[in-house]
Structure formats: structure tokens, C-alpha cells
Amino acid sequence: MRDVAAGFKYLMRGQRWVVRHGKQFGFGLIPGLITLVLYAAALVALALWGTDFVSWATPFADDWSSPWLGLFRGFLTAVLFALALLLSVVTFTAVTLVLGQPFYESLSEKVDRDVSPDGTAPESGLPLWRELLISARDSLRIVARALVWGVLLFALGFIPFVGQTVVPVIGFFVTGFFLTEELTAVALQRRGVVLRDRLTMLRSRRTLVWGFGTPLGLAFLVPFVAVFLMPGAVAGATLMARDLLGEETREENSADGDPANPVNPVHPVGPANPAGPTNPTGPVSW
């Protein structure tokens, strides 16, 4: 439970950081607004024509008597829309991060400089086009993993009672994990940590990841909330990435430049992760 609370604390610290740095918050809203418009249009289309799609996909039920036909197709339509919401939460972050790579990269670097005892931030040294290519490639791999989980949870949704109670809960934890991976990738990729090693680190601290990502995933289900939380989520994920790597972080009041309380390092919640870009750990499956 300690790591769960620590993960949620990083989420809140990230939101507070962007509130104190209003310019960064404003820039961070732009990619989210663009993505929100695209996703809202897709979900509205699904709401309008989802029933027609289900009817087209289940011709074998055309001759079923009432009320079974309506109940069956209504249930499938609801599950389809729920699956679309689940995938939209996961992919929203991936798409927004790809579109807003320059914005969030700059934000993450400023967070690192603000909380680092020596005031520096790691730099990848790669050209922008290369960073965009790596980010897009890794995002596709994460989305593919999320789709596998989505299909599995969709199938489990047909199990009576379990599909309506346990499966949605599992879905939120899965969503939280993948959200956290996408967000911490901004800071970890800049440090040269490859996707395989990022997944290893996150799997070793699942409760920390769930404490950060699960409440964020729940909040993302509320219209427009995702847009306003994204800048703070990137900031909080940067702070958590420093924890995962065992890097020292200044207290918030000293990071704000409080002369009465100079640098006071915060020791990581957990041990430093040994895996790095030069220490591959083998294939990972979540």
C-alpha cells in the first residue's frame, strides 16, 4: 500500500508543478485538445452507428424472438462501446504524446532541471526526427499489447457476473499500467532506456504504477479531463521515473527556490533499477 500512495503522490505533485509553471501548462494543453477532437468524433460515430454495426456482425440472431434479440444485441453494443472507451483511454495518451512530443519533451526536461540537485537534465542527444520515430514505434508496440488485453477482457465480459464486476476492475488496472508506461517513456527515453527495460522496471513496481496510472485512467473517462491533466501527468511521470532509476530529487519547497531550505534530496521510495540501455534483461511480456 505504501507504493500505491507514493504513485498517487507523484500524480498530485505533477499537477501542482504545472500549476506553478503556467506557461508550461498552457503549451501542454495544445496536443491534448487536438487529440480530444479526433477521439470525440470517433466515439460519437460509434454511439450513432454502433447498433447498426452489431446488427450487421450478428446476422445469425435475426430470427431470434423478442426480447432475446434486443437484449443480446443491446449487450453487445454496450460491451463494444465500453471496449472503445477502454482503448481510447490507453491510445489517447499514446497519440497525444506522439503529436505533442516537442511540447512534453521540453516540459519533462524543465521538471528534471527544477528538481535535480545540480539543476541539470539528461539529454538524449538524438535529432528530433529520430526521437519522434522511436516514440511512435514504441507507442505502436504498447498499443498492440493494450489491444491484446482489450480483446481478452472483451471476451471475458461475456461471463455472467464476473464480466460485469471483476473484468472492469482488471481493465482499469491494465489501463493504468499502460498509461504509466507511455507517460514515463518521455523521461526514460531521454535517458536512453529502451522499451524492454522500461517494462521491466514498471513490472517490478506494479503497485507504484497502479497508484499513479489507475486513478489517472479513471479521470480520463470524464470528458475534457484528460486534456487538462496531461501536462501534470507528464510532470508527475518524470518525477516517478527519477524514483525508478534511483535519482535524487529535491523537496518541492527547495525546488521552488526557497532560500530557507536549500537542496534537500528525497531518497527514492524503492531501490534503483539495475536495468538500463546497456543492460538488457531479456524479453518481457506483461
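Computed from a prediction, not measured in an experiment: that's the story for all the values here. Residue positions within a chain follow its written sequence, with the count starting from 1. Given that the model is predicted, a residue must reach a pLDDT of at least 70 before its local features are reported, and side-chain atom pairs must reach 80 or more before they are shown or counted; all residues, however, enter totals for whole chains, interfaces and linings. Note that water and hydrogens are dropped before the side-chain values are worked out from all heavy atoms of the structure.

> In this structure, what is going on with the overall build of the protein? I would like to understand it.
Only DSSP runs of H or I reaching four residues or more are called helices, and only runs of E reaching two or more are called strands; each is numbered from the N terminus. The secondary structure content of the protein amounts to 10 helices and two strands. Element order for the protein, N to C, with α for helix and β for strand: α-α-α-α-α-α-α-α-α-β-α-β. Of all 286 residues assigned to the protein, the portion counted as buried reaches 45%. Partitioning the contacts of the protein with sequence separation of at least 6, the portion at a separation of at least 24 is 79%. Each residue is placed in one exposure class: buried if its accessible area under a 1.4 Å probe, protein chains only, is under 20% of its type's maximum, exposed if it is over 50%, and partly exposed if it falls in between. By definition, residues are in contact when any of their heavy atoms lie within 4.5 Å.

> Hey, could you run me through helix α5 (residues 128-156) in this one?
Between the first and last residue of a helix there are one fewer steps than residues, each counted as 1.5 Å, and that sum is the expected span. For α5, which comprises 29 residues, the first-to-last C-alpha distance of 42 Å matches the rise-based estimate of 42 Å (1.5 Å per residue) to within 8%. Three or more residues of α5 are buried, namely E131, I134, S135, D138, S139, I142, V143, A146, G150 and L153.

> Explanation requested: the packing of helix α1 (residues 2-20) against helix α4 (residues 101-115) in the structure shown.
A pair of packed helices is characterised by two quantities: the angle between their axes and the separation of those axes. Packing of α1 against α4 leaves a shortest axis separation of 12 Å and a crossing angle of 95°. Compared by their axis directions, α1 and α4 come out roughly perpendicular. The residues of α4 that touch α1, namely those facing W17, V18 and R20, are L107, K110, V111 and D114. Along the lines of polarity and charge, the residues of the contact of α1 with α4 split into four nonpolar, no polar and three charged. Here, axes are lines fitted to C-alpha atoms. For helices the fit covers the stretch in contact, and angles between N-to-C directions go from 0 to 180 degrees. Oblique is the label for every angle not falling under 35 degrees (roughly parallel), over 145 degrees (roughly antiparallel), or within 65 to 115 degrees (roughly perpendicular). Polarity classes work like this: nonpolar for Ala, Val, Leu, Ile, Met, Phe, Trp, Tyr, Cys and Pro, charged for Asp, Glu, Lys and Arg, and polar for all others, with Gly in that last group.

> How should the nonpolar core be read in this particular structure?
Within soluble globular proteins, side chains that are nonpolar tend to cluster in buried spots. Counting 47 residues, the largest nonpolar core has L183, F212, M230 and V234 as its most contacted members. Not counting residues up to four positions away in its chain, the partners in contact with M230 are F92, T93, T96, L97, Y104, L183 and F220. Take the buried residues of types Ala, Val, Leu, Ile, Met, Phe, Trp, Tyr and Cys, join any two whose side-chain atoms come within 4.5 Å, and each joined set is a nonpolar core.

> Please clarify how the confidence of the model for the protein should be interpreted in this entry.
In low-pLDDT segments, the atomic positions of the prediction should not be examined closely. Of the residues in the protein, 87% have a pLDDT of 70 or more, and the chain-wide mean is 80. Across residues 254-286, confidence stays below pLDDT 50; counting only partners more than four residues off in sequence or on other chains, it has 69 contacts. The predictor attaches a confidence to each residue, and that confidence, scored 0 to 100, is pLDDT.

> Would you mind going over the environment of F81 with me for this structure?
Note that F81 resides in helix α3 (residues 68-99). Given a relative accessible area of 29%, F81 falls into the partly exposed group. Between the C-alpha atom of F81 and that of G50, which follows or precedes it by 31 residues, the distance is 7.7 Å. Once you skip the residues sitting within four places of it in the chain, F81 turns out to touch L43, L46 and A47.

> Teacher, can you tell me more about the pattern of salt bridges here?
Proximity of charged atoms lets side chains of opposite charge pair with each other. Only one rule defines a salt bridge in this text: a Lys or Arg side-chain nitrogen within 4 Å of an Asp or Glu carboxyl oxygen. Following the criterion strictly, the structure yields 13 salt bridges and no others. Its salt-bridge partner being R113, residue E123 comes within 3.5 Å of it at the nearest N-O pair. Remark: R113 occurs in helix α4 and E123 occurs in the loop between α4 and α5; sequence separation between them is 10 residues. The exposure class of E123 is exposed, given its relative accessible area of 57%. Classification of R113 by relative accessible area gives partly exposed; the value is 33%. Residue R198 pairs with D138 through a salt bridge whose shortest N-O separation is 3.0 Å. Placement of R198 in helix α7 (residues 195-204) and of D138 in helix α5 is noted, with a sequence separation of 60 residues between them. Just as R198 is buried, D138 falls in that class too. What emerges from the salt-bridge pattern is a single network uniting E105, D112, R190, R191, R242 and E247.

> Quick question: what am I supposed to make of the environment of L76 here?
With respect to the secondary-structure elements, L76 resides in helix α3. For the pair formed by L76 and V54, sequence separation is 22 residues and the distance between their alpha carbons is 6.9 Å.

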